[in-house]
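Coordinates in review
Below, each chain spelled out in residue letters.
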Amino acid sequence: QVQLAESGGALVQTGGSLRLSCASSGRTFSNYDMAWFRQALGKERELVAAISTSGRNLYYVDFAKGRFTISRDNAKNTVYLQMGSLKPDDTAVYYCAASPNIGRLEVTTKYKSWGQGTQVTVSS
């Protein structure tokens, strides 16, 4: 499996921006579809965005469209989540996840490798 480590979480004000990073080690990063999930306190973990192995195909859930951008740098074995216009509702632990390149990006059950998460807190 691939090992993942997120970073970049912080406390930000409403309307602010933040970039999360997820560094990969182990297996060949470019063979994996990558995704960002989040889990708010007391809520289930939910998909935020996903990106295909090459970066050509992207998927965003509705609340992320227009505010968040997922990208990857296969040379650096890293996937990013650029977040803007942040709201208190975006407060959550954000996780990156990896899946072999099978199935659609939005199929959440295919993501088997997970990082430890990074906390994002948006103050009002």
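Predicted, not measured: the structure shown is a model, and the values here were computed from it. (Residues numbered from 1 in each chain as written. Predicted model: local features only at pLDDT ≥ 70, side-chain atom pairs only at ≥ 80, totals over all residues. Heavy atoms only, no water.)

1. Describing the environment of Leu58
Tracing the chain through its elements places Leu58 in strand S6 (residues 58-60). Considering only alpha carbons, one finds Leu58 and Arg45, 13 residues apart in sequence, at a separation of 19 Å. Among residues more than four places away in sequence, those in contact with Leu58 are Ala50, Ile51, Ile70 and Leu105. (Helix = DSSP H or I, 4+ residues; strand = E, 2+ residues; numbered from the N terminus. Contact = heavy atoms within 4.5 Å.)

2. Topic: the sheet that holds strand S3 (residues 18-25)
Spatial ordering of the open sheet is given by S1-S3-S8-S7, a layout of four strands whose pairing is antiparallel. Whereas interior strands pair on both sides, the edge strands pair on one side only; in this sheet they are strand S1 (3-7) and strand S7 (68-73). Going from strand to strand, the sheet's axes swing by 15 degrees on average, the running direction of each strand aside. (Pairing = 2+ DSSP bridges. Axes fitted to C-alpha atoms, helices over the stretch in contact; angles between N-to-C directions.)

3. Let's talk about the environment of Val107
Residue placement: Val107 occurs in the loop between strand S9 (92-100) and strand S10 (113-114). On the basis of relative accessibility, which here comes to 36%, the residue Val107 falls in the partly exposed class. Residues Val107 and Asp73, spaced 34 residues apart in sequence, show a C-alpha to C-alpha distance of 22 Å. (Buried < 20%, exposed > 50% of the residue type's maximum accessible area, 1.4 Å probe, protein only.)

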